[in-house]
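Structural characterization, general
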Amino acid sequence: QVQLVESGGGLVQAGGSLRLSCAASGSINAMGWYRQAPGKQQRELVARITRGGNTNYATSVKGRFTISRDNAKNTAYLQMNSLKPEDTAVYYCRVVTTTPEYIYWGQGTQVTVSS
């Protein structure tokens, strides 16, 4: 059973920065964050990174958010700069284990950006 510990998040003014972190136990391949905005039913990909360092970003966050990871610590980080009110959401850490591939979700952390 994989354990995930999320930290970071909070309230920030537009233009500010926050950093999220997600520490996982076990053998992990991809790590990333999804978010669910108020009033929306689905979570959307924000950014993900593989064990080898390949990254993917949502178009809306490219150039503002940076995902990184420390494989030795099994921890991923999401640096969020130039935050906008539309970034307000609950951010969920999501990891995929190595073979067999299982998906695990964190409990979520609230990010609120005020205008």
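Quick note: structure is the one above.
Residues numbered from 1 in each chain as written. Predicted model: local features only at pLDDT ≥ 70, side-chain atom pairs only at ≥ 80, totals over all residues. Heavy atoms only, no water.

**A short note on the packing of aromatic side chains**
For the structure shown, the criterion picks out 2 aromatic pairs. On the numbers, 5.2 Å between centres and 70 degrees between planes, the contact of Tyr34 with Trp105 is edge-to-face. Pair noted here: Tyr34 is in strand β4 (residues 28–36) and Trp105 is in strand β10 (residues 103–105), with a separation of 71 residues, a long-range link. Between the aromatic rings of Tyr92 and Trp105, the centroid separation amounts to 6.5 Å while the plane-to-plane angle is 85 degrees, which identifies the pairing as edge-to-face. (Phe/Tyr/Trp six-rings, centres within 6.5 Å; stacked < 30°, edge-to-face > 60°. Helix = DSSP H or I, 4+ residues; strand = E, 2+ residues; numbered from the N terminus.)

**Remarks on the sheet that holds strand β7 (residues 65–70)**
For sheets, the rule is that strands pair by backbone hydrogen bonds, running either parallel or antiparallel. As summarised here, the arrangement of the 4 strands in space is β1-β3-β8-β7, forming an open sheet in which the pairing is antiparallel. If you trace the sheet from one side to the other, it starts and ends with β1 (4–7) and β7, each paired once. Geometrically, the sheet is characterised by an average inter-axis angle of 15 degrees between neighbouring strands, direction not taken into account. Where β1 lies against strand β3 (residues 18–24), 4 bridges are found, and the strand directions are antiparallel. Residue pairing in the sheet places Ser7 in a bridge with Ser21 of β3. (Pairing = 2+ DSSP bridges. Axes fitted to C-alpha atoms, helices over the stretch in contact; angles between N-to-C directions.)

**Observations regarding the state of the cysteines**
Under the definition given, this model contains 1 disulfide. The disulfide partner of Cys22 is Cys93, and the S-S distance across this bridge is 2.0 Å. Residues Cys22 and Cys93 share a disulfide whose torsion about the S-S bond is about -80 degrees; that sign makes it left-handed. Of the two residues, Cys22 is situated in strand β3 and Cys93 in strand β9 (residues 89–97); the sequence distance between them amounts to 71 residues. (Disulfide = S-S within 2.5 Å.)

**Some details on empty space enclosed by the protein**
Counted under the stated rule, the structure contains 1 cavity of 30 Å³ or more. If you add up the space inside the largest cavity, you get close to 40 Å³. Considering the residues around the largest cavity, the lining is formed by Ala30, Met31, Gly32, Tyr34, Leu45, Ala47, Arg48, Arg94, Val95 and Val96. The set of elements that each furnish at least two residues to the lining of the largest cavity consists of β4, β5 (44–49) and β9. Per-element tally for the lining of the largest cavity: the top contributor is β4, with 4 residues. Split by residue class, the lining of the largest cavity holds 7 nonpolar, 1 polar and 2 charged. (1 Å grid on protein atoms, 1.4 Å probe; cavity = no way out; pocket = protein on both sides within 12 Å on 5 of 7 lines; lining within 4 Å. Points joined across faces, edges and corners; volume = space filled by probe spheres on them. Nonpolar A, V, L, I, M, F, W, Y, C, P; charged D, E, K, R; others polar.)

**Structural notes on the pattern of salt bridges**
Here the structure, examined in full by the defined rule, presents 3 salt bridges. In this structure, Glu44 engages Arg35 in a salt bridge whose closest nitrogen and oxygen atoms are separated by 2.7 Å. Residues joined in a network through salt bridges with shared partners are Arg35, Glu44, Arg64 and Asp87. (Salt bridge = Lys/Arg side-chain N within 4 Å of Asp/Glu carboxyl O.)

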